[in-house]
Amino acid sequence: MRIRNREKPFGIEKPVTARGQIVIIEDRCKGCGFCIEYCPNDVLRLSDKYNSKGYHPPYVAHEEECVDCGFCQMNCPDFAIFSVEVESGEREPAPAESVKR
Amino acid sequence: METINTIQEQKHPMDDLLRMDRIPHIWCPGCGIGNAVSAFAEALRKLEYDLDKVVVVSGIGCTGRVAGYIKTDSFHTTHGRAIAFATGIKLGNPDLKVIVISGDGDLVSIGGNHFVHAARRNIDLTVICVNNFIYAMTGGQVAPTTPIPAYTTTSPFGNFEAPANVPQLAEAAGAVYVARWTALHMRRLADSIVEAFNRPGFSVVEVISPCAMYYSRINKLGDGLDMMQFYYNNSIIRHGESTDNLNIDYQKEIIVGKFVDRERPAFSESLNEWLRKDQVE
Amino acid sequence: MSGYEACAEGALAAGCGFLGYTPIQPSFGIVRRFITRCAETGATFVQMEDEISSLAAVLGAVWTGRKALTVTSGQGFAQMMEHIGLGVMLETPCVIVNVMHDGASEGIPSMPGGGDVMQARWGSHGDYEIIALAPNSPQEMFDLTVEAFSLSERYRTPVVILFDPVLGRMKDSVNIPEAAKIRVEKRKYYKGPKDGYLPYKYDEKDLIPSMVDISQGYRFHVTGLTHDEKGYPVMNDECQEWNVHRLVNKIRLFADKIVRMEEKYLEEADVAVVSYGVVSRDALTAVEAARKEGIKAGYFRLQTVWPFPEKRIAEIAAGIKRFVVPEINFGQISLEVERCSRGRAGVDAVYHAAREVGKPGSILKAIQKTNK
């Protein structure tokens, strides 16, 4: 498991992290799993349900972890997923237990 | 949940760059060509270039279908001749930005001559060569880039032909910009495409891409995700590496990075200069 | 002015702005003239690595709004076949000048030939129609080159000009009209709203879709695959029929408007000499000589080899005994004449060897057989 390294930036009390929300266009998905594997924050999981083409699309398992990095969108060969920034504001650094997962 | 509904109504950020009426595309699950298209679209988005002045030309094959999905003026031409066709477009209207996106079989094998000579002339083109080590659309035959001793449908005892080293070929022929990334290095790939786009002259970006249906299946390398994982573990970024060292051996390390970045006068500049001289005389 | 020069001048007069070529003899005379005039006319040129890419570059340049030309000969023409197909499929107007030399493969590059006539018609794979012109004098080299550009723009198809090195080297005075008097058909451009453009939505009247140039903001896609109105590939029978029927019909149904021919002495003739290109010069001499001998010989010259003047040949066949078809090959157009005469008149194919160009003897002999 990757461990996020959130160091406290010099001069700022609390780090500001973008928050993202993921939109999955399920019917475009071909279930390759790239987004799930390469999400830096392990936000996505493979769902059990089928889309109209018979593939398993991903679902958002840990929405609170998404930082709107956009890598799922870039890494998706089928243009089926993207993230949008919903709110950017101060956020408490994640407690140590949840970071280790 | 209201926020989600409004977000769901939002368009995919690439919807304006792609012909969404044709999506889903024809590529198999686990194929990396979609990633290359995605990186290209991302590059276009970053460039903020007038898309009316961008032309995409493709040849034939899996990657040859790219032109049909990108929402610029786009041409799907004959096998291997994408660069020749693009040359005509660029010379016909030098204000255009012409991008050739095609596969390794198309550009290096049947179109090898055009590739070499366009690089030699330094025609102002950006070539994105998606290299999946195999002729995929025709049924998984041995390609000029198939490593030794990979199996394909036409090398049932393992490939014994020496594979082409695309960056070396491009450099030797005179390309001004040569880079190679895998389909996993999405940000670097997109940045490279941006750089290549802005570089006057013949620039080549090679994209190593998984072929989940033929190459990895016949070689028992797993699916697209396993190939991606292989790239994740085995690709080494070495900018400025001599192109001599860029041969890709079977399931060995893949050196990626930007290898060549130099300046040479582009063809249309030189031609115009000569025409002007001629008029003065 | 030589035939080569007249051809280059014709292209420039028609507004040709791009020449893609690969050096191959005996076609180079056209290139030489064209590129020396480039700076003053604003045309551009490129010497490609092979003929495959020359024609590919020409097709590319046409989509930027230029009129484009390629010149070739012999093997070069064989290499171009691939892109004649693409030109037909993308409906890209362009002009291909083929200087026919004698013999297959390398053959004799300096000698005139006539063996590429059927290749011009059927050379590329698949089903299509093409327009091919055959001038027979430097003046006509000029006129028919202008006409070729006109036809290609009108019908959105590659047009082939077939001639040979004898005509190319032939010097004659050429009357070049003022630029204002040269009429070339304008490309049919789409003028509707930007998002409403369909690259292959055609007009029921002429079956020709409207074109746009790259960079005008239409963001169109065209493909060499069987495509629908949008230009997107569609792989089914229905679309194939829709597509190919129109590609064939847009020329076949309008053949009467395209066909150009020259006739002499055909009234009450017993024998008609059907010829084209350089051979037609000998044919006319032979016909006139035969008429002096009292043989009722007529002269028919194809200015458009393709589409073939089927109706006119059939009409002539009804009124005469025999056709004599001299060609610098062992019978290509004679087969067409035979097909169109449908047995009503005999067809005598005459092999007019390259060394016999300028000597009408063999044609005259063939005409004389009529009275025996």
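Residues numbered from 1 in each chain as written. Chains lettered and ligands numbered in written order. Predicted model: local features only at pLDDT ≥ 70, side-chain atom pairs only at ≥ 80, totals over all residues. Heavy atoms only, no water.

What follows covers the domain arrangement of chain C. All names here are of chain C. One can read the domain layout of chain C as domain 1 (3-181) and domain 2 (260-371). Each of domain 1 and domain 2 has a C-alpha centre, and these two points are 26 Å apart. Facing 25 residues of domain 1, the contacting portion of domain 2 comprises 22 residues. For the pair domain 1 and domain 2, the summed buried surface comes to about 2000 Å²; carbon and sulfur atoms form 59% of the total. Looking only at domain 1, the three residues that lose the most surface to domain 2 are Val117, Met118 and Asn136, adding up to 26% of its buried area. On inspection of domain 1 and its partner domain 2, the count reaches two salt bridges. Elements with a minimum of two residues in the side of domain 1 that touches domain 2: strand 6 (108-112), helix 6 (117-122), strand 7 (131-133), helix 7 (138-155) and helix 8 (165-169). Along the lines of polarity and charge, the residues of the side of domain 1 that touches domain 2 split into 14 nonpolar, five polar and six charged. (Domains from an automatic or database assignment. Contact = heavy atoms within 4.5 Å. Buried area = accessible area lost by both parts, 1.4 Å probe. Salt bridge = Lys/Arg side-chain N within 4 Å of Asp/Glu carboxyl O. Helix = DSSP H or I, 4+ residues; strand = E, 2+ residues; numbered from the N terminus. Nonpolar A, V, L, I, M, F, W, Y, C, P; charged D, E, K, R; others polar.)

What follows concerns the pairing of strand 6 of chain C. Residues and elements named next belong to chain C. As paired elements, strand 5 (residues 101-102) and strand 6 share two bridges and run antiparallel to each other. The residue of strand 6 that forms the bridge with histidine 101 is proline 112. Connecting the antiparallel pair strand 5 and strand 6 is a turn made up of five residues, with glycine 103 showing a positive phi of about 95 degrees. (Pairing = 2+ DSSP bridges.)

Turning our eyes to something else, we now look at the state of the cysteines. Per the counting criterion, the structure on display carries zero disulfides over all chains. Cysteine 35 of chain A supplies the cysteine sulfur nearest to cysteine 29 of chain A, a cysteine that is in no disulfide, at a spacing of 6.4 Å. (Disulfide = S-S within 2.5 Å.)

All names here are of chain C. The buried count for helix 1 (residues 3-13) comes to nine of 11 residues, which makes it a mostly enclosed element. For helix 1, the full list of buried residues reads Gly3, Tyr4, Ala6, Cys7, Ala8, Glu9, Gly10, Ala11 and Leu12. Glycine 15 lies just past helix 1 and shows a positive phi near 95 degrees. (Buried < 20%, exposed > 50% of the residue type's maximum accessible area, 1.4 Å probe, protein only.)

Moving on: the interface of chain B and chain A. Contacts between the two partners involve 37 residues from chain B, matched on the other side by 28 residues from chain A. Carbon and sulfur atoms make up 62% of the area that chain B and chain A hide from each other, which totals about 2600 Å². Between aspartate 15 of chain B and arginine 28 of chain A there is a salt bridge, with its nearest N and O atoms 3.7 Å apart. Scanning the region where chain B abuts chain A turns up 10 residue pairs in polar contact (both at pLDDT 80 or more). Elements with a contribution of two residues or more to the side of chain B that touches chain A: helix 1 (2-8), helix 2 (33-47), helix 7 (186-198) and helix 9 (224-234) of chain B. (Polar contact = N/O pair within 3.5 Å; in protein donor to acceptor, adjacent residues only side chain to side chain.)

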